[in-house]
Amino acid sequence: MTGFRASVLTIYPEMFPGPLGISLAGRALQSGTWSLEATQIRDFATDKHRTVDDTPAGGGPGMVMRPDVLARAIDAVSPADDTRPRLLMTPRGRPLTQPRVRELAGGPGVVILCGRFEGVDHRIVERRGLAEVSIGDYVLSGGEVAALVVLDAVVRLLPGVMGNHTSGDTESHEAGLLEHPQYTRPALFEGEEIPPVLTSGDHAKVALWRKTEALKVTRERRPDLWEAYSRRGPGERDPG
Ligand code: 6GU
């Protein structure tokens, strides 16, 4: 078994594995549960300055990544018969969701192109079948941090990575709801008690309290998730 194979194309390969080299993901990387290869896009430029970008067609600010350089970089790490999905990290992409993360984790790996500057020539998106993915409605200086986010979310779901830490379907977003609040010792902190139900020993009451709190926090903070959850039939919701 080869494990989950991640290939990242970037002009900043030194940003990888970065935070994914420590903790759970780092141990899983060392043990071969997954592999990470960061490729310097500039290695596929042809001029002596290793140029990867040029001015936008039609005018305007900034620079756009060239499709010819990107094509050579993609083809070097992901030949035509590669079955791994190819993602382009860009704020104009479809928002990353936990179902998409789960789908990626169930596959052979992923190829991630990190956009920089004003974006990439759109022809590469079509010609190499790139799925444009965003991690939220704000702008990062490049796709690298977003790629780290995608890989962190995916790697923690790979078999054996989380071990006993796995909170499975009780964590935020796995049931389409935000998570209930959590408490631990001390029993009294700055005059505030833990909600008594949590120390009652009544597991059914605890489960009911948690579910109620999850519904409440989701309705308050995420009307979009609340709407989707409410529209699902009781049978389509996760148990609990
Ligand atoms: Cl994937 N890239 C960049 N540059 N900014 C983002 C993003 C991605 N997702 C949200 N903002």
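Structure report, in brief. Quantities reported herein were computed from a predicted structural model and do not represent experimental measurements.

Going from F16 to P17, the amide bond is cis rather than trans, its omega being 0 degrees. Mapped onto the secondary structure, P17 falls in the loop between β1 (4-10) and α1 (23-30). Between R185 and P186 the backbone carries a cis peptide bond, its omega angle lying at 5 degrees. Of note, P186 is situated in the loop between α5 (143-155) and β8 (188-189). With a phi angle near 55 degrees, R50 is a residue other than glycine that sits in the positive phi range. Relative to the helices and strands, R50 resides in the loop between β2 (34-40) and β3 (53-54).

If you look at the biggest cluster of nonpolar residues, it comprises 27 residues, and the most contacted ones within it are W34, M89, V110 and I112. Examining the composition of this core, we find that 8 residues originate from one element, α5, more than from any other. W34 has contacts with F4, A6, L20, A25, A28, L29, V155 and L158, leaving out every residue within four places of it along the chain. Formed by 19 residues, the second largest nonpolar core is a distinct cluster that contains L9, I11, V69 and A71.

Close contact between helix α6 (residues 203-221) and helix α7 (residues 223-231) brings their axes to 6 Å; oriented N to C, the two are set at 125 degrees. When the axis of α6 is compared with that of α7, the two are oblique. Counting all contacts with α6, which are made through K211, L215, T218, R219, E220 and R221, the residues of α7 involved are P223, L225, W226 and Y229. Of the residues contributing to the contact of α6 with α7, the split by class is 5 nonpolar, 1 polar and 4 charged.

Tracing the chain through its elements places E171 in the loop between α5 and β8. Among the residues examined, E171 registers a relative accessible area of 12% and is labelled buried. In this structure the side chain of E171 is engaged in a polar contact, spanning 2.9 Å, whose partner is the side chain of R156. The residues touching E171, leaving out its near neighbours within four places in the chain, are R156, L177 and E179.

As a structural note, the neighbourhood of the ligand is formed by M89, T90, P91, V133, S134, I135, G136, Y138, L140, G142 and A146. Contact distances for the ligand include 2.6 Å between a nitrogen atom and a backbone N or O atom of Y138. Between the ligand and the protein, one listed contact pairs a nitrogen atom with a backbone N or O atom of L140 at 3.0 Å. When the free accessible area of the ligand is taken as 290 Å², the share hidden by the protein chains comes to 97%. For the shell around the ligand, the secondary structure elements donating two or more residues are β5 (86-95) and β7 (130-134). In terms of residue count, the dominant contributor to the shell around the ligand is β5 (3 residues). Considered class by class, the residues forming the shell around the ligand number 7 nonpolar, 4 polar and no charged.

Our next topic: the packing of aromatic side chains. Two measures describe an aromatic ring pair: the distance that separates the ring centres and the angle between the ring planes. If you walk through the whole model with that rule in mind, you get 1 aromatic pair. Measuring from ring centre to ring centre gives 6.4 Å for W226 and Y229, while their planes differ by 25 degrees; the resulting arrangement is stacked. One end of the pair is W226 and the other is Y229, both in helix α7 and 3 residues apart, which spans about a single turn. For Y229, a relative accessible area of 6% gives the class buried.

Rules of the game
Residues numbered from 1 in each chain as written. Predicted model: local features only at pLDDT ≥ 70, side-chain atom pairs only at ≥ 80, totals over all residues. Heavy atoms only, no water. Helix = DSSP H or I, 4+ residues; strand = E, 2+ residues; numbered from the N terminus. Core = buried A, V, L, I, M, F, W, Y, C linked by side-chain atoms within 4.5 Å. Buried < 20%, exposed > 50% of the residue type's maximum accessible area, 1.4 Å probe, protein only. Contact = heavy atoms within 4.5 Å. Axes fitted to C-alpha atoms, helices over the stretch in contact; angles between N-to-C directions. Parallel < 35°, antiparallel > 145°, perpendicular 65-115°, else oblique. Nonpolar A, V, L, I, M, F, W, Y, C, P; charged D, E, K, R; others polar. Polar contact = N/O pair within 3.5 Å; in protein donor to acceptor, adjacent residues only side chain to side chain. Near = heavy atom within 4 Å. Areas by Shrake-Rupley, 256 points an atom, 1.4 Å probe, with all protein chains shown as cover. Phe/Tyr/Trp six-rings, centres within 6.5 Å; stacked < 30°, edge-to-face > 60°.

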